[in-house]
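# Reading the structure
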Amino acid sequence: MKVFRLSGWLIILLLFARNTCAQFYNGHQMSFGKNRVQYNDYVWSFYRYENYDVYFNEDGQKLAEYVADYAATILPEIESFFDYTLESRIIFMVYNRLSDFRESNIGLVTGNVEYNIGGVTNISRNKVFLYYEGDLKQFDIQIRAAIARVIINEMLYRKAVLDNLTNSTLINIPDWYIEGLISYLSNRWDFSIENRVK
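Residues numbered from 1 in each chain as written. Predicted model: local features only at pLDDT ≥ 70, side-chain atom pairs only at ≥ 80, totals over all residues. Heavy atoms only, no water.

A few words now on the overall build of the protein. Within the protein one finds seven helices and five strands. Put simply, the protein runs from its N terminus to its C terminus through helices and strands in the order α-β-β-α-β-α-β-β-α-α-α-α. In the protein, which comprises 198 residues, the share counted as buried stands at 31%. Taking the intrachain contacts of the protein between residues at least 6 apart in sequence as the baseline, contacts between residues at least 24 apart amount to 64%. Carbon and sulfur atoms form 57% of the exposed surface of the protein, whose accessible area is close to 13900 Å². (Helix = DSSP H or I, 4+ residues; strand = E, 2+ residues; numbered from the N terminus. Buried < 20%, exposed > 50% of the residue type's maximum accessible area, 1.4 Å probe, protein only. Contact = heavy atoms within 4.5 Å. Areas by Shrake-Rupley, 256 points an atom, 1.4 Å probe, with all protein chains shown as cover.)

Here's what the structure looks like:
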């Protein structure tokens, strides 16, 4: 009799245990915010223009002025190429060095392990992160690519989340095409590109 009662309780316990979950069942799968170690405290300033803002820290005033002047000449050129006028403001975040850029928490995507790698212009909606590598030619390419990417994203997906959802289901453009178009607009055709294409 005791054996039947014990086995009955054991069967009932096993049936209910199958449907229960531990308190922290999904705890190990939860994503938490990531912060990077920031070695310096920065005081940020900005210049406001008609179509864009340029943010910079106390040591980056000359770079910010350069970005503002170059963007003023390039933005109408890229807009006329696409026959599209930018509706939202571009926010340029100018960093003096790559190491300063890697300290930034703005636009941090927690799921991507290789975040803020060098040689890639990160764009979070209309925020563009630029860093100076010591070469103005590369810096110009970063600026042109960033403006082109913001305009392409706005043309395809607009600003609203609802538009983004509906347009992303209707428009299926391959990534290689968008990257190639941005590369075409940002890099001038030269012998190195000619050799790579051939």
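Anyway, onward from the coordinates.
This next bit is on the pairing of strand E2 (residues 52-57). Within E2, five of the six residues are buried, leaving the element largely enclosed by the surrounding structure. In this sheet, E2 lies alongside strand E1 (residues 44-48) in antiparallel orientation, the contact comprising five bridges. Among the inter-strand pairings, Arg 48 is bridged to a residue of E2, identified as Asp 53. In this antiparallel pair of consecutive strands, E1 and E2, the connection spans three residues. Sheet topology places E2 next to strand E3 (residues 90-95); four bridges connect them, and they run parallel. (Pairing = 2+ DSSP bridges.)

Turning to the packing of aromatic side chains, a few remarks are in order. For the structure shown, the criterion picks out 12 aromatic pairs. Arranged with centres 6.5 Å apart and planes meeting at 70 degrees, the rings of Tyr 47 and Tyr 49 form a pair that is edge-to-face. The exposure class of Tyr 47 is partly exposed, given its relative accessible area of 21%. Taking the centre distance of 6.2 Å and the plane angle of 85 degrees together, the rings of Trp 176 and Tyr 177 count as edge-to-face. A relative accessible area of 65% places Trp 176 in the exposed class. (Phe/Tyr/Trp six-rings, centres within 6.5 Å; stacked < 30°, edge-to-face > 60°.)

Before going further, it helps to spend a moment on the nonpolar core. Core analysis: the biggest nonpolar cluster contains 34 residues, and Ile 90, Phe 92 and Ile 147 have the highest contact counts within it. Counting residues per element, the ones that place at least two in this core are E2, helix H2 (61-82), E3, strand E5 (127-131), helix H4 (136-157) and helix H6 (175-186). Other than its neighbours up to four places away in sequence, Ile 90 contacts Asn 51, Tyr 52, Asp 53, Leu 75, Asn 126, Val 128, Ile 147 and Val 150. With six residues, the next largest nonpolar core counts Ile 91, Tyr 95, Phe 129 and Tyr 131 among its residues. (Core = buried A, V, L, I, M, F, W, Y, C linked by side-chain atoms within 4.5 Å.)

Positive phi, normally seen in glycine, also occurs at Asp 83, with a value near 55 degrees. Tracing the sequence through the fold places Asp 83 in the loop between H2 and E3.

Quick look at the packing of H4 against H6 now. Contact geometry for H4 and H6: axes closest at 8 Å, N-to-C directions at 135 degrees. Judged by the inter-axis angle, H4 sits oblique to H6. Once H4 is placed against H6, the crossing between them reads as right-handed. Of H6, the residues touching H4 (which contributes Ile 141, Arg 144, Ala 145, Ala 148, Arg 149, Ile 152 and Leu 156) are Ile 178, Glu 179, Leu 181, Ile 182, Leu 185 and Ser 186. (Axes fitted to C-alpha atoms, helices over the stretch in contact; angles between N-to-C directions. Parallel < 35°, antiparallel > 145°, perpendicular 65-115°, else oblique. Left-handed = near helix turned anticlockwise from the far one by under 90°.)

Further remarks concern the side chain of Ser 186. Within the element layout of this structure, Ser 186 appears in helix H6. For Ser 186, a relative accessible area of 6% translates into the label buried. Here Ser 186 is in contact with Ile 141, Arg 144 and Ala 145, once residues within four sequence places are set aside.

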